Amino acid sequence: MGVVVMQTLITDIRYALRSLIKRPGFTAIALITLALGIGANTAIFSLVNTVLLRPLPVPQPDQVVSVAIRGKNDSLGAFSHPNYKDFRERNQVLEDLIVYRFAPLSLSRDGNNERVWSYEVSGNYFDTLGVQAFKGRTFLPEEDQTQLTHPVIVLSYDSWQKRFGGDPNIVGKQVLLNNRPFEVIGIAPEGFKGTELIYAPDVFVPLAMLEWTEPGARWLDNRDTQNLFAIGRLKAGISQQQAEASLNMLAQQLAQEYPQTNEGQTVRLTAPGLIIPDLRDGVISFTGVLMGTVLVVLLITCINLAGLLLARATDRRKEIAIRLALGANRRRLIRQLLTETTLLSMIGGALGFGLAHWMIGFLIGFRPPLDFPLTMDVSMDWRVLVFATTVSLVTGALFGLAPALQSTRLGLTTALKETGARAGYHRSRLRSGLVVAQLAFSLMLLVGAGLVTRTLQNLQTLNPGSDTKNTLLLSFDLGLQGYDRAKAEGFYRQAIERVEALPGIESAVITDFVPLSLSFNSSGVYIEGQPSERGSNVPIAMLASVGSEYFSTIGTPLLLGRQFTDRDREDSESVAVVNEAFVRHLLPDVGPSGNAIGRRFSFNDSTGPFRRIVGVARDGKYFNIAEEARPFVWLPLAQSPSLNATLIARTAGDPRSSLAAVNAAVRSLDQNLPLYEVKTMTEHMRLALFPARIAATVLGAFGVVALTLAAVGIYGVTSYTVAQRTREIGIRMALGAQVSDVLKLILGHGVKLTVVGVAIGLAGAILLTSLLESVLYGVSATDPLTFVITASVLIMVALLSAYLPARRATRVDPLVALRYE
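Going along each chain's sequence as written, the residues are numbered from 1 onward. This being a predicted model, a pLDDT of at least 70 is required before a residue's local features are given, and a value of 80 or more before pairs of side-chain atoms are given or counted; all residues contribute to the totals for chains, interfaces and linings. Excluded from the side-chain calculation are hydrogens and water; included are all heavy atoms of the structure.

(A) Molecular detail of the overall build of the chain. Scanning the chain for helices and strands turns up 24 helices and 22 strands. Summary of the burial criterion: residues with accessible area below 20% of their type's maximum are buried, those above 50% are exposed, and those between are partly exposed, where the area comes from a 1.4 Å probe applied to protein chains only. For the chain, the proportion of its 821 residues judged to be buried stands at 53%. Two residues form a contact once any of their heavy atoms are found within 4.5 Å. In the chain, the share of contacts with a sequence separation of at least 24, taken over all contacts with a separation of at least 6, comes to 81%. Accessible area of the chain: about 35900 Å², with a carbon and sulfur share of 58%. Elements are defined by DSSP. Helices are runs of H or I of four residues or more, strands are runs of E of two residues or more, and each kind is numbered from the N terminus. Residue exposure ignores everything except the shown protein chains as possible cover, and the areas themselves are Shrake-Rupley values with a 1.4 Å probe.

(B) Molecular detail of the packing of aromatic side chains. Classification of ring pairs uses Phe, Tyr and Trp, with its six-membered ring standing for Trp, and accepts pairs whose centres are within 6.5 Å; under 30 degrees between planes counts as stacked, over 60 as edge-to-face, and the remaining range as tilted. This model, assessed by the stated rule, comprises 34 aromatic pairs. Pairing Tyr100 with Tyr119 gives two aromatic rings, centres 5.5 Å apart and planes at 70°, and the pair type is edge-to-face. One end of the pair, Tyr100, is in strand β2 (residues 94–109); the other, Tyr119, is in strand β3 (residues 112–121), and 19 residues separate them in sequence. A connected cluster of aromatic rings, assembled from ring pairs, spans Tyr100, Phe102, Tyr119, Tyr125, Phe126, Phe139, Phe192, Tyr199, Phe204 and Phe229. Only Lys NZ and Arg CZ are tested; either one counts as a charge over a ring when it is within 6 Å of the ring centre and within 35 degrees of the ring normal. The ring centre of Tyr258 lies 3.6 Å from the NZ or CZ of Arg223, which sits over that ring. The lysine or arginine in question, Lys487, covers the ring of Tyr483, its NZ or CZ lying 4.4 Å from the ring centre.

(C) Highlighting the pairing of β2. For β2, the buried fraction is high: 14 of the 16 residues fall into the buried class. The pairing of β2 with β3 spans 10 bridges and is antiparallel. Looking at the pairing, Phe102 lines up with Tyr119 of β3. Taking the residues that link successive antiparallel strands as the turn, the β2-β3 hairpin has 2 residues, and the phi of Asp110 there is positive, at about 55°. Both β2 and strand β6 (residues 174–177) contribute to a ladder of 2 bridges, which runs antiparallel. When the bridges of β6 are listed, Ser108 appears paired with Leu176. Here, a strand pair is defined by DSSP locating no fewer than two bridges between the strands.

(D) Broad picture of the pattern of salt bridges. When a carboxyl oxygen of Asp or Glu lies within 4 Å of a side-chain nitrogen of Lys or Arg, that pair is called a salt bridge. Enumeration over the complete set of coordinates arrives at 23 salt bridges. Shared partners join several salt bridges into a network, and the residues in it are Arg109, Glu114, Arg163 and Asp202.

(E) Local environment of unusual backbone geometry. Located in the positive-phi region is Asn470, a residue other than glycine, with phi close to 55°. For Asn470, the location among the structural elements is in the loop between α15 (429–460) and β11 (471–477). The phi torsion at Glu677 lies on the positive side, around 50°, for a residue other than glycine. Mapped onto the fold, Glu677 is located in strand β22 (residues 675–680). Overall, the relative accessible area of 24% leaves Glu677 in the partly exposed class.

(F) Examining the nonpolar core more closely. Buried Ala, Val, Leu, Ile, Met, Phe, Trp, Tyr and Cys residues that are joined via side-chain atoms within 4.5 Å together make up what is termed a nonpolar core. Formed by 45 residues in total, the largest nonpolar core has its most connected members in Phe26, Ile44, Met291, Val294, Leu305, Leu344 and Phe702. Mapped onto this core, the elements with two or more residues apiece are α1 (2–22), α2 (24–53), α9 (277–315), α11 (330–364), α12 (382–408), α15 and α20 (681–724). Here the element with the most residues in this core is α9; it accounts for 14 residues. Residue contacts for Val294: discarding those within four places in its chain leaves Ala40, Asn41, Ile44 and Phe702. Grouped together as the second largest cluster of nonpolar side chains are 37 residues, Val436, Ala695, Ala696 and Ile714 included.

(G) A look at a nonpolar patch on the surface. On the surface, a nonpolar cluster with roughly 670 Å² of combined accessible area is contributed by Met6, Leu9, Ile10, Ile13, Leu17, Ile21, Ile347 and Leu351. Those elements giving two or more residues to the nonpolar patch turn out to be α1 and α11. Here the nonpolar patch gets 6 residues from one element, more than from any other, and that element is α1. Patch membership requires over 30% relative accessible area and the absence of a salt bridge. Like charges are linked within 9 Å, and nonpolar side chains (Val, Leu, Ile, Met, Phe, Trp, Tyr) within 5 Å.

(H) Helix α16 (residues 485–500), seen in detail. Taking 1.5 Å of rise per residue, 16 residues should cover 22 Å, and α16 covers 23 Å from first to last C-alpha, within 8% of that figure. Turning to α16, its buried residues number three or more, namely Ala488, Gly490, Phe491, Tyr492, Ala495, Ile496 and Val499. The elements touched by buried residues of α16 are β11, β12 (505–511), β21 (644–651) and α19 (659–667). Expected helix span is computed as 1.5 Å times (number of residues minus one).

(I) Layout of a negative patch on the surface. On the surface, a cluster of negative charge is made up of Glu497, Glu500, Glu549 and Asp566. Inspection of the secondary structure assignment puts Asp566 in the loop between β16 (558–561) and β17 (575–579). A relative accessible area of 65% means that Asp566 is categorised as exposed. His residues and chain termini do not enter the charge count, which takes Lys and Arg as positive and Asp and Glu as negative. In plain terms, the charge of a residue is placed at NZ if it is Lys, CZ if Arg, CG if Asp and CD if Glu.

(J) Just the environment of Ser66, in detail. Relative to the helices and strands, Ser66 is located in strand β1 (residues 64–70). For the pair Ser66 and Ala271, spaced 205 residues apart in sequence, the C-alpha to C-alpha distance is 5.7 Å.

(K) The arrangement of the confidence of the model for the chain in detail. pLDDT is a per-residue confidence score from the predictor, ranging from 0 to 100. Across the chain, the average pLDDT comes to 83, with 88% of residues at or above 70. Note on residues 419–427: pLDDT under 50 across the span, and 18 contacts to partners over four residues away in sequence or across chains.

(L) Region of interest: the environment of Val577. Tracing the sequence through the fold places Val577 in strand β17. Of the residues examined, Val577 reaches a relative accessible area of 0% and is grouped as buried. Spatially, the C-alpha atoms of Val577 and Leu560 are 9.5 Å apart, while their sequence positions differ by 17 residues. Other than its neighbours up to four places away in sequence, Val577 contacts Phe551, Leu558, Arg562, Phe564, Val614, Gly615, Val616, Ala617, Phe632, Val633 and Trp634.

This is the structure:
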């Protein structure tokens with residue numbers, strides 16, 4: 001029995017191949033359509049698979065969870081080190097808990113310094129994850145018990161290969177990090193890049209070595225410094241919901257013990273790999289929009305394919321009728337037809353799989369301009385292969401079934417007598433309906449692409465609160481080179497003097513914060529004379545330390561007061577400049593027309609020490625370009641020193657012409673100092689625009705694909721209508737019909753389909769674009785201009801697609817047409 005079934009299947013496949021080869025035009029169009037639809041879906045699913053579905057490369061990854069602790073004003077979900085120790089020692093639901101953070105280091109080799117990135121991890125990091133070293137060993141528990149006692153590191157496999165040439169004797173050797181000797185004790189296994197999906201570190205360092213890896217950092221014992229990300233491994237038999245409930249009970253206990261820092265904090269467990277829970281939520285929303293978009297493309301593809309199959313089924317009516325008349329079983333014919341469509345879809349799926357590989361490479365090429373080791377391993381694993389195969393099979397079976405059923409549901413006498421023209425003409429309603437659906441879905445997709453494109457345009461012209469023209473920047477970290485505060489101040493002073501002495505430089509300033517750089521440094525604020533909040537209710541403000549003349553250099557207007565000068569020294573009164581949002585949210589008693597100058601606040605508690613406000617600056621964009629205005633505080637660099645800094649210079653002309661000179665001037669002060677992010681402020685803004693640019697590019701590309709498929713669809717149905725009505729057209733022309741009459745006759749059908757499709761598409765777009773509101777900026781989800789423009793483009797393309805075959809119909813020779821069958 002099985003042999004007979006296999007032989008029958010092989011026979012069907014051979015017949016299907018011969019049938020497809022005999023109709024190369026139909027086959028080519030169908031395969032291109034399928035490759036576009038399946039390829040787009042496979043490419044986006046690969047991205048979804050990488051960031052949301054693929055587990056960490058560790059044993060029993062389903063037991064590994066990201067643990068975030070958050071208060072009312074905290075969205076990062078990070079732990080302080082004392083809180084981490086309490087949760088690790090006192091919880092009842094986790095086998096163990098680990099913490100980690102990212103930090104840049106200066107690696108010295110052969111007299112040259114190179115900036116590398118590290119994971120600073122708790123000593124149980126590798127053991128909890130179950131990761132064994134490729135060479136050597138990982139950290140021991142005692143290597144994280146006391147600070148600055150075990151200068152050891154584990155190299156990543158890629159760093160070992162790239163920077164040390166895969167030296168087989170590297171274990172036991174010492175390397176210089178931040179001019180400090182560290183012993184290499186092991187090599188991480190190949191493919192293990194830590195616990196984040198988009199970060200590829202060079203080294204792993206014990207957190208206990210913090211003061212060497214981050215010079216000047218002495219926050220390890222501070223309960224109110226929350227900057228460690230945590231991951232736990234669930235105990236056997238404990239669900240994520242049970243663990244979350246238990247950890248929240250522990251959070252409440254700690255809030256009672258430490259109300260000043262822990263009050264109001266809650267715990268949330270999520271899948272690991274995306275650092276911040278809110279970031280994961282945003283990624284899910286964004287990938288959901290992308291998957292919805294490509295599913296619409298796939299739906300348009302399937303509609304196009306169904307239309308092609310229906311047209312072909314009409315052409316084969318006599319063939320099928322003859323086969324039925326000769327005794328063929330209807331079920332057998334349906335199976336044969338489904339074999340053809342399934343084979344067609346599988347070949348199209350294979351082509352789409354290859355196209356997806358190219359699309360992924362194209363998407364990976366869009367990398368944000370960051371001095372950060374971003375990685376995105378969007379490889380096509382078994383999940384992607386199963387997805388592509390399933391989509392191909394479902395597409396072929398689902399949209400091949402209706403044409404197969406229709407073509408075998410015949411009255412033999414009628415089918416054998418009826419001409420192909422009349423048969424096709426009477427059964428064109430379904431094909432016309434499919435074209436209307438294509439147009440409607442295409443318009444929805446085009447409207448979405450148009451809205452995101454307009455968002456990008458709005459963001460590009462948005463004033464971020466500073467003047468980005470004629471400005472350049474370059475960054476460096478003196479702490480990694482062993483500079484102390486006094487030596488750093490001397491370096492800053494000389495750097496400013498040398499840069500400002502260059503031709504074309506108007507002014508220069510040192511700051512530890514560049515707007516829209518994804519840097520987030522914040523602190524709780526206590527206003528003098530106001531009731532003191534505590535725990536998670538303390539209002540938060542972002543912070544920056546800046547040099548004299550900062551506001552005039554970066555172009556941020558001061559609305560009240562003054563900017564910092566050289567008189568704001570360490571031994572003078574502590575001062576600050578705040579933004580409008582700080583006054584609005586934290587000084588409500590001042591009022592919109594009041595004066596905040598002279599008011600005082602503290603970062604410690606309600607008893608001080610206090611800082612006096614000497615200026616109020618205009619609100620700007622600080623963390624991301626679409627954010628609401630948030631409180632911000634600028635401090636004088638002399639009163640709040642920082643060793644990790646950026647030099648910003650304003651030029652008289654094109655800043656790109658001054659980049660090399662500024663770079664050389666700063667490097668001349670220390671030839672071994674690694675400089676990074678040397679660029680213009682306009683180039684820096686590309687980082688803030690990156691998400692919108694990606695969304696506009698992807699949605700725009702899929703919008704073009706949808707528009708192309710819609711054009712093919714309406715061209716096909718109009719061409720088929722012309723072919724089916726050739727005799728009728730010949731008769732009309734023989735009886736004296738003019739070219740304009742024939743053109744109007746054929747074109748009218750395309751116009752009707754276009755009008756109906758656009759009307760339905762506009763109604764659907766109004767309903768569906770509300771899903772895009774979270775990614776739009778400065779444009780409504782129902783923006784009339786976008787709707788009108790996209791509808792007009794679709795109408796013009798559709799009419800052109802209908803006009804070409806209609807024009808061809810006017811050239812029909814009546815004598816030839818009357819003999820047409």
